[in-house]
Amino acid sequence: MSLARWNKAAPSRLFWLLVVLLLLAAPSLALAQAPGEPTAAPAAGAAPAAPASKAAAAAAHAPGPPPDSWAGQLEMLSRWVDQRRGPGQCEERCYALDRLRITGAVGEGPLQFELSGGVLADGPVAVPLFGPPAHVRIEAILDDGRPASRREAAPISFEEGHYYLWTAARRFVLRGSLWLEGDLTLLVAGPLNSFEADVTGGSVAEGAQLSGLSGATLHFTRDGGGAAQSAGPTVFQLSRAVRVGREIGFEYRLVLRSGSDLGVVRLPLAFGEKVLDVSGASGFRVEGGELVLPTSGRAAEMTISGTLPKVGAFSPDPRSAYEWWLFESDAEHRLTVKGDARQVDAAESPIPRTQATSRLLLVKRGQRVEVEVEPLAGVEVLAAVVREHRRTLILTERGDLVADDALTYENNGIDYLTYAPGGRPIFLATDGKAQRIMHQGAAAEEVLVPLQTGSHRIQVQSLGQAAVRPLGGSMELPMPRYPLTASEVALTVGLPDRVVPLALLGGDRPVWFADAGDAVAVAIGFVAAWIAVRPGGAPGRGRLRALRALGGLIMAGLWFVAPATFVALLVGIATAGAAWLVGRLFRGTSRAVAMVVLLGMGGIALLVGLFAVSAGRYQAERWNSSTYETTMAAPSSARIAKDEDQAKGGGALAPGGAVLEGVTPVALSLPDYERAVQASRELVTRERAFRPVLVYTTSSALVPLALLWLAGAMVLLAAHRAPLTEIYRRAAARLSRRPEDDGPDIDRPAGGGRPQGSARPAAPVG
């Protein structure tokens, strides 16, 4: 419709529009002006009601409009709108941040930023921006929908480690400049939907386009290194945990990022830390009070653990803008933390908590924390015990002592065990897995063994030296020392061929070179010698007793020198005595049969005796083999895997006998030994220590005894020269007899030969 036609029709159209509005408003005015019931006058003395109560009462008693009228429908519509609107005040997170864009040159002045977002409440809200305020400066203009001529500087302030914007704009855009000082880091409080960076002369270590940021730290790096790279890594995030118990332990978590290779990072040990382990690094060492951490690549994350000598004043590293410090203590200690750092919720700790008494502090650069420890009184109990301790100590021909210890322990609260192996430690394993050998100091003899909660097994190998005297003596054997109670300690001493043990003292019972079985064998040898010694002629009673005693000594020495020969000689003497008895009791065929049976029984007895002697010795030798296989099963598998890696090209050769510092050791094969002596002791403590003493002699010292034994044997043979000669003569005559001479006697005729029934001359006996 044209403008002229609209001007002509405007009066009529306005008239009819006014009529419709009056018709719509008439029912509501009539209902509002309907007469009500007349009210009675107020009683005398009654105070007039307040205007607000009168209005509320009138609203409560006033009849509503009919639901079919226009007024009733409008009232229902207004009520529905009020119900859908909900409460008008926002209680939590009354803002939304959409996008942050940063442009400019890194390190050459301020960076330009643009942040868009909105407020979800009906009033002004504090919207968190960036931080930390000590190293970030902001100048910005708020675009909240007003004309550019009316815009002013944004109302920005800081609190709780970041800046915030105070605004009530439903939709706003914040534009301005920010200056980064120090390590070029920017803390984004968030939550922020998306982040974009279009910078020159550098980059953002986390990425140019990110999403879903909340409490994130962005690190800006410059191209080409420059002064920032020479000062240290661009990203240096250090979180620390100090745990106070029977000893003070620490755990550091270090995160490093840079635009170039990190190289070697040095962490000062300003609080006297003793580093025990570093995970996430290819190797570490301590030089001049600094921890040297070799890294590779542009990012690294590692965990450092160890012990502290004491607690006191702590401060963050100069390269850290802020650090998280977690302090914990067990039930026997109470911590008091003072300082200007702010305590936050312990659930935000980057390092997992282990105690209910944890407290987390955010320590900024330049702040200090002072910690005091108060030990609480308690009852001493056994928090860890050694169930079983088996030690194998082998003495080699050159005087080296190779020790292998296997401990089974039960732990319920001790982190580390100071273990003095009694020699130079060369191997440490827990549950079959090799561990690195660590000391509390450079010259400390004790090894720090990490203990796990529950029942576990430890294996330790060590090397030592011992002086062996030429003719024998006593030797105090080294034993490990540790501050735990051991239920049982068993010691096995392996000796070479030239060392002969006489006694092992120090256990619950002394162990001698001879036992009850040896005593029985010696007694049987004396009895056999007393029966077998029959010298020729008519010796005197004194000489006969001396010869029989000498025979008993010869048999006893033969038992210790050659047990198999002793058994064979003993069986021979018993068989000869039985043959003599059979010859007296039987004649003819019965005697021959008895002799055959006797020889068979003697052979069987000889075989059984030799088998018993060889089985006992075989069992002693196989004990060494079985112990070696059980002890070295896990290290052998690890060694095979390492050999396969070197065969593929991995690993490196090390000079000096392949001994390297700071690597995981491998187990040493136990040397072989000729003799073994065992001793044990129960309930071993520091006050009731197990100190074994070996009394020994050498094969050189036994040479005179061997010569005396040979001389005694020659004397005994000389005394039996005549009986032995007679036995030889009879045996020769028996072997030279013809078969027809042994034919049976027959009756001859009366005319020739001897008369019937006459006996022929008897043959010589034997």
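Fair warning: this is a prediction, and the values are worked out from it, not measured in the lab. (Residues numbered from 1 in each chain as written. Predicted model: local features only at pLDDT ≥ 70, side-chain atom pairs only at ≥ 80, totals over all residues. Heavy atoms only, no water.)

Draft legend 1. Looking closely at the sheet that holds strand β37 (residues 511-512). Read across the sheet, 4 strands follow the order β34-β39-β36-β37 without closing on themselves; strand pairing throughout is antiparallel. Pairing within the sheet leaves two strands with one partner each, and these edge strands are β34 (473-476) and β37. Both β34 and strand β39 (residues 693-698) contribute to a ladder of 4 bridges, which runs antiparallel. Counted as the bridge partner of Ser474 is Val695 from β39. (Pairing = 2+ DSSP bridges. Helix = DSSP H or I, 4+ residues; strand = E, 2+ residues; numbered from the N terminus.)

Draft legend 2. Focus on the nonpolar core. Ile102, Phe113, Leu174, Phe195 and Phe220 are the most contacted members of the largest nonpolar core, which totals 40 residues. Those residues within four positions of Phe195 in sequence are excluded, and the remaining contacts are Leu100, Ile102, Val204, Gly207, Ala208, Gln209, Leu210, Leu213 and Leu218. If you look at the next biggest cluster of nonpolar residues, it comprises 35 residues, including Leu407, Ala486, Leu495 and Tyr696. (Core = buried A, V, L, I, M, F, W, Y, C linked by side-chain atoms within 4.5 Å. Buried < 20%, exposed > 50% of the residue type's maximum accessible area, 1.4 Å probe, protein only. Contact = heavy atoms within 4.5 Å.)

Draft legend 3. The arrangement of the packing of aromatic side chains in detail. Under the counting rule described, the total for this entry stands at 10 aromatic pairs. Centroid distance Tyr419 to Tyr482: 5.7 Å. Interplanar angle 10°. Geometry classified as stacked. Of the two residues, Tyr419 sits in strand β29 (residues 416-419) while Tyr482 sits in the loop between β34 and β35 (485-495), which places them 63 residues apart along the sequence. Residue class for Tyr482 comes out buried when judged on its relative accessible area of 11%. Put simply, the rings of Phe271, Phe314, Trp325 and Phe327 touch in pairs and so form one group of aromatic residues. Between the NZ or CZ atom of Arg137 and the centre of the ring of Trp179, over which it lies, the distance is 4.1 Å. One residue, Arg240, lies across the ring of Tyr252, its end atom 4.9 Å from the ring centre. (Phe/Tyr/Trp six-rings, centres within 6.5 Å; stacked < 30°, edge-to-face > 60°. Lys NZ or Arg CZ within 6 Å of the ring centre and 35° of its normal.)

Draft legend 4. Layout of the side chain of Asp404. The topology assignment puts Asp404 in strand β28 (residues 400-411). The buried charged residue Asp404 lacks any salt bridge partner; its closest oppositely charged side chain belongs to Arg457, at an N-O distance of 6.1 Å. Within polar-contact distance, the side chain of Asp404 engages the side chain of Gln459 at 3.1 Å. There is a polar contact of 2.9 Å between the side chain of Asp404 and the side chain of Gln461. (Lys, Arg positive; Asp, Glu negative; His and termini not counted. Salt bridge = Lys/Arg side-chain N within 4 Å of Asp/Glu carboxyl O. Polar contact = N/O pair within 3.5 Å; in protein donor to acceptor, adjacent residues only side chain to side chain.)

Draft legend 5. Up close: the packing of helix α5 (residues 516-532) against helix α7 (residues 563-585). Running from N to C, α5 and α7 point in directions that differ by 40°, and their axes come no closer than 10 Å. Between α5 and α7, the angle is such that the two are oblique. When you trace α5 past α7, the crossing you get is left-handed. Where α5 abuts α7, its residues Ala521, Ile524, Gly525, Ala528 and Ala532 lie against Phe566, Leu570 and Ile573. Residue classes in the contact of α5 with α7 are distributed as 7 nonpolar, 1 polar and no charged. (Axes fitted to C-alpha atoms, helices over the stretch in contact; angles between N-to-C directions. Parallel < 35°, antiparallel > 145°, perpendicular 65-115°, else oblique. Left-handed = near helix turned anticlockwise from the far one by under 90°. Nonpolar A, V, L, I, M, F, W, Y, C, P; charged D, E, K, R; others polar.)

Draft legend 6. Seen up close, α5. In this model, α5 (17 residues) spans 24 Å end to end at C-alpha, consistent with the 24 Å of a helix rising 1.5 Å per residue. Against the buried residues of α5 lie α6 (541-561) and α7. (Expected span 1.5 Å × (residues − 1).)

Draft legend 7. Spotlight on the pattern of salt bridges. Overall, the coordinates contain 22 salt bridges when judged by the stated rule. Among the salt bridges present, the one from Glu114 reaches Arg175, with a minimum N-O distance of 3.5 Å. Residue Glu114 is found in strand β2 (residues 111-119), and its partner Arg175 is found in strand β8 (residues 172-180); the two are separated by 61 residues along the sequence. Salt-bridge contacts for Arg390 lead to Glu388; the nearest nitrogen and oxygen are separated by 2.6 Å. What emerges from the salt-bridge pattern is a single network uniting Arg99, Arg101, Glu114, Asp143, Arg175, Glu196 and Asp198.

Draft legend 8. Expanded view of the packing of α6 against helix α11 (residues 703-719). Direction vectors running N to C along α6 and α11 enclose 135°, while the axes themselves pass 10 Å from each other. Classified by the angle their axes make, α6 and α11 are oblique. With respect to the hand of their crossing, α6 and α11 are arranged in left-handed fashion. Touching Arg543, Leu547, Leu550, Gly551, Leu553, Ile554, Gly557 and Leu558 of α6 are Trp709, Gly712, Ala713, Val715, Leu716 and Ala719, all from α11. For the contact of α6 with α11, the residue count by class is 10 nonpolar, 3 polar and 1 charged.

Draft legend 9. Looking closely at a positive patch on the surface. Taken together, the side chains of Arg584, Arg587, Arg591 and Arg734 make up a positively charged region of the molecular surface. Given a relative accessible area of 44%, Arg734 falls into the partly exposed group. (Patch = residues over 30% accessible without salt bridge, like charges linked within 9 Å, V, L, I, M, F, W, Y side chains within 5 Å. Areas by Shrake-Rupley, 256 points an atom, 1.4 Å probe, with all protein chains shown as cover. Charge placed at Lys NZ, Arg CZ, Asp CG, Glu CD.)

Draft legend 10. Geometry of the pairing of strand β25 (residues 359-364). As judged from the 6 bridges shared by strand β22 (residues 322-329) and β25, these two strands associate in the antiparallel manner. Looking across to β25, one finds that Trp324 is bridged to Leu362. In terms of strand pairing, strand β24 (residues 342-344) meets β25 through 3 bridges, oriented antiparallel. Looking at β25, one finds that Val344 is bridged to Leu360.

Draft legend 11. Up close: the confidence of the model for the protein chain. Per-residue pLDDT for the protein chain has a mean of 76; in total, 75% of the residues score no lower than 70. Here residues 225-232 scores under 50 on pLDDT; set against residues more than four positions off or in separate chains, the count is 6 contacts. Across residues 745-766 the pLDDT falls below 50, and counting only partners more than four positions away or on other chains, this stretch makes 16 contacts in the model. (pLDDT = per-residue confidence, 0-100.)

Draft legend 12. Inspection of the environment of Trp324 at higher detail. Structurally, Trp324 can be placed in strand β22. What makes Trp324 buried here is its relative accessible area of 19%. When the C-alpha positions of Trp324 and Val363 are compared, they lie 6.3 Å apart, and in sequence the two are 39 residues distant. Apart from the residues lying within four places of it in its own chain, the contact partners of Trp324 are Leu238, Ser239, Arg240, Val344, Glu348, Pro350, Leu360, Leu361 and Leu362.

Draft legend 13. Region of the structure containing the sheet that holds β8. The strand order across the open sheet formed by 6 strands is β5-β8-β2-β1-β10-β12, and the pairing between neighbours is mixed. Looking at which strands have only one partner, the edges of the open sheet turn out to be β5 (136-143) and β12 (209-213). Looking at each pair of strands side by side, their axes are set apart by 20° on average, direction ignored. Of the strand pairs in this sheet, strand β1 (residues 95-105) and strand β10 (residues 192-200) are connected by 8 bridges, and their pairing is parallel.

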